[in-house]
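What the coordinates show
What follows is the residue order along each chain.
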Amino acid sequence: MLGEKRDIAGEASALTSRPRRLRRSASLRRMVRETTLSADDFIYPLFVVEGEGAVNTISSMPGQAQRSVDMLAPELEEIISLGIPAVLLFGIPDEKDATGSLSWSGHGPVQRAIEAIKRQSPGTIVIADVCLCEYTDHGHCGVLSQAGEVINDDTLPLLARSAVSFADAGADIVAPSAMMDGQVAAIRARLDVAGHDQVPVLAYAAKFASAFYGPFREAAESAPQFGDRRAYQMDPANRREAMREVALDVEEGADMLMVKPATPYLDIIREVRDRYDLPLAAYQVSGEYAMLKAAGMNGWIDERRAAIESLVAIKRAGADMIITYYAKEAARWLKEGT
Ligand code: PBG
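Described below are features of the structure shown in this document. (Residues numbered from 1 in each chain as written. Predicted model: local features only at pLDDT ≥ 70, side-chain atom pairs only at ≥ 80, totals over all residues. Heavy atoms only, no water.)

The next point concerns the overall build of the protein. Secondary structure summary: the protein contains 12 helices and 10 strands in total. Taking the principal axes of the C-alpha coordinates as reference, the protein spans close to 80 × 45 × 40 Å. For the protein, buried positions account for 52% of its 338 residues. For the protein, the exposed surface amounts to about 15700 Å²; the carbon and sulfur share of it is 51%. Here the protein contributes 37 positive and 48 negative side-chain charges, whose respective centroids are spaced 11 Å apart. (Helix = DSSP H or I, 4+ residues; strand = E, 2+ residues; numbered from the N terminus. Buried < 20%, exposed > 50% of the residue type's maximum accessible area, 1.4 Å probe, protein only. Areas by Shrake-Rupley, 256 points an atom, 1.4 Å probe, with all protein chains shown as cover. Lys, Arg positive; Asp, Glu negative; His and termini not counted. Charge placed at Lys NZ, Arg CZ, Asp CG, Glu CD.)

Ranked by size, the top nonpolar core spans 111 residues in total, and within it Phe47, Leu89 and Tyr283 carry the most contacts. No other element matches the nine residues that helix H5 (residues 152–169) contributes to this core. (Core = buried A, V, L, I, M, F, W, Y, C linked by side-chain atoms within 4.5 Å.)

It is worth spelling out the site of the ligand at this point. Surrounding the ligand, one finds 18 residues, the nearest of these being Lys207, Arg217, Lys260, Ser286 and Tyr325. Lys207 places a side-chain nitrogen or oxygen 2.8 Å from an oxygen atom of the ligand. Side-chain polar atom of Tyr325 to an oxygen atom of the ligand: 2.6 Å apart, as the coordinates give it. Here the ligand loses 100% of its free accessible area of 400 Å² to cover by the protein chains. (Near = heavy atom within 4 Å. Polar contact = N/O pair within 3.5 Å; in protein donor to acceptor, adjacent residues only side chain to side chain.)

Our next topic: the pairing of strand E5 (residues 125–130). For a regular strand, the rule is simple: side chains alternate between the two faces of the sheet. Within E5, five of the six residues are buried, leaving the element largely enclosed by the surrounding structure. Regarding topology, helix H4 (residues 109–120) serves as the crossover connection from strand E4 (residues 86–92) to the parallel E5, and that connection is right-handed. The pairing of E5 with strand E6 (residues 173–176) spans four bridges and is classified as parallel. Looking at the pairing, Asp129 lines up with Ala175 of E6. (Right-handed = clockwise from strand over helix to strand, strands pointing away. Pairing = 2+ DSSP bridges.)

With that settled, the discussion passes to the packing of aromatic side chains. The relation between two aromatic rings is expressed through the spacing of the ring centres and the mutual angle of the planes. Throughout the structure, instances matching the rule amount to 10 aromatic pairs. Consider the rings of Tyr204 and Tyr283, whose centres lie 6.4 Å apart with planes at 45 degrees: the pair is tilted. Linking Tyr204 in strand E7 (residues 202–207) with Tyr283 in strand E9 (residues 280–284), this pair joins segments that are 79 residues apart in sequence. Note on Tyr283 and Tyr325: the rings are 6.1 Å apart at their centroids and 45 degrees apart in plane angle, and the pair reads as tilted. With Tyr283 in strand E9 and Tyr325 in the loop between strand E10 (321–324) and helix H12 (327–336), this residue pair connects regions lying 42 residues apart in the sequence. Owing to a relative accessible area of 1%, Tyr283 belongs among the buried residues under this scheme. (Phe/Tyr/Trp six-rings, centres within 6.5 Å; stacked < 30°, edge-to-face > 60°.)

What follows covers the side chain of Asp249. Position of Asp249 relative to the elements: it lies in helix H8 (residues 240–251). An unpaired buried charge is present at Asp249: no salt bridge exists, and Arg244, the closest side chain of opposite charge, is 11 Å distant. Contacts of Asp249, omitting those with residues within four sequence positions, involve Val184, Ala203, Tyr204, Ala205, Ala254 and Leu257. (Salt bridge = Lys/Arg side-chain N within 4 Å of Asp/Glu carboxyl O. Contact = heavy atoms within 4.5 Å.)

As a further point, take helix H9 (residues 266–275). All of the buried residues along H9 are Ile268, Ile269, Glu271, Val272 and Arg273. Those residues of H9 that are buried lie in contact with E7, H8, strand E8 (256–260), E9 and helix H11 (303–317).

Turning our eyes to something else, we now look at a nonpolar patch on the surface. A contiguous nonpolar patch, built from Leu22, Met31 and Val32 and spanning about 290 Å² of accessible area, is present on the exposed surface. Relative to the assigned elements, Met31 resides in helix H2 (residues 26–32). In this structure Met31 comes out as exposed when scored by relative accessible area, which is 63%. (Patch = residues over 30% accessible without salt bridge, like charges linked within 9 Å, V, L, I, M, F, W, Y side chains within 5 Å.)

Now for the packing of helix H10 (residues 286–297) against H11. Between two packed helices, the angle of one axis relative to the other and the distance separating the axes together describe the packing. At a minimum axis separation of 9 Å, H10 and H11 run at an interaxial angle of 160 degrees. Our classification of the angle between H10 and H11 gives roughly antiparallel. Here the hand of the crossing between H10 and H11 comes out right-handed. Residues Leu292, Lys293 and Gly296 of H10 form the contact with H11, whose participating residues are Glu303, Ala306, Ala307 and Ser310. Of the residues assigned to the contact of H10 with H11, the class counts are three nonpolar, two polar and two charged. (Axes fitted to C-alpha atoms, helices over the stretch in contact; angles between N-to-C directions. Parallel < 35°, antiparallel > 145°, perpendicular 65-115°, else oblique. Left-handed = near helix turned anticlockwise from the far one by under 90°. Nonpolar A, V, L, I, M, F, W, Y, C, P; charged D, E, K, R; others polar.)

Taking 1.5 Å of rise per residue, 12 residues should cover 16 Å, and H4 covers 16 Å from first to last C-alpha, within 8% of that figure. If you follow the buried residues of H4, they end up packed against strand E1 (42–49), helix H3 (72–81), E4, E5 and H5. (Expected span 1.5 Å × (residues − 1).)

Looking now at the pairing of E1. Of all eight residues that make up E1, eight are buried, and the element is covered over most of its length. Across the two faces of E1 the burial is the same, with Phe42, Tyr44, Leu46 and Val48 and Ile43, Pro45, Phe47 and Val49 all buried. Two elements, E1 and E10, share two bridges in a ladder whose sense is parallel. Paired with Ile43 across the two strands is Ile323, which belongs to E10. Two elements, E1 and E4, share seven bridges in a ladder whose sense is parallel. Within the sheet, the bridge partner assigned to Val48 lies in E4 and is Gly91. The pairing of E1 with strand E3 (residues 65–68) spans three bridges and is classified as parallel. Of the residues in E3, the one forming a bridge with Val49 is Ser68.

Okay, structure coming up:
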């Protein structure tokens, strides 16, 4: 019996590859590592509110806060010192109305935040999320018909105006997330007319109607007041449809693509990466962050290892950039060496 086993082992050693040979030490593992994470990969989301001196913590997203424009400076300081190249801005206005007019008419929190950030750190890439849900009193991502349906084509010019207004304020990139058909083309056309032909569009190309956005809606005060977003965001069950959505955004002139959420949609990230050559972002959304945080805070999981593992998985799936609430912590962990 024993002899037989040894024979088999002997044969294995002569004839087959032994992957474990390359796992024996940390330096060997480092040498053959296929996917690496760096602070360069991260985009850090920021929530901006009106007023002064405001830092409102978000209970379902420990470590994250809504900040007024004047309170962004220290945050930005940290982001720069950690080597994080980009931020993604969400605005929460004091007043909301049926058409989300504060996103496109005036000088709202996002416009002012863009100016402040570019003044403080011209090299930091400022991405402005373009959507109406934080600005509408009904919380939907577009304007509504009498029957309470989001009207696609009436929403497009408002999204385009909003994008132009962010570009006017100095945004480096605009990122439409409303999932209206034709939004990329509408925004591209208006940006070009307004003299912003050099401002790229990062398209939330495949954005799913996900339960993982729950904590964000507390952070952005953007929960729909009735119904849900399933008539415009994608059905989580659909892979082929995601490819159609991406194809349309590419045709409409998207410069970069995004898949959102990230971890439950790694297959979609991989497929977009295999089919398209545009830079690809993945959004590790609020619920993904909240789950890791909650389990970590309870001592049920090693948060640091689990978070890094998730981020590596998102990159391995094919993302070039990751929008993540972990950006600062992960950048710090990577500096310390993981
Ligand atoms: C706005 C928007 C949402 C998120 C990003 N942009 C919420 C939504 O679609 O309901 C979610 C981000 C997150 O959960 O972290 N349209």
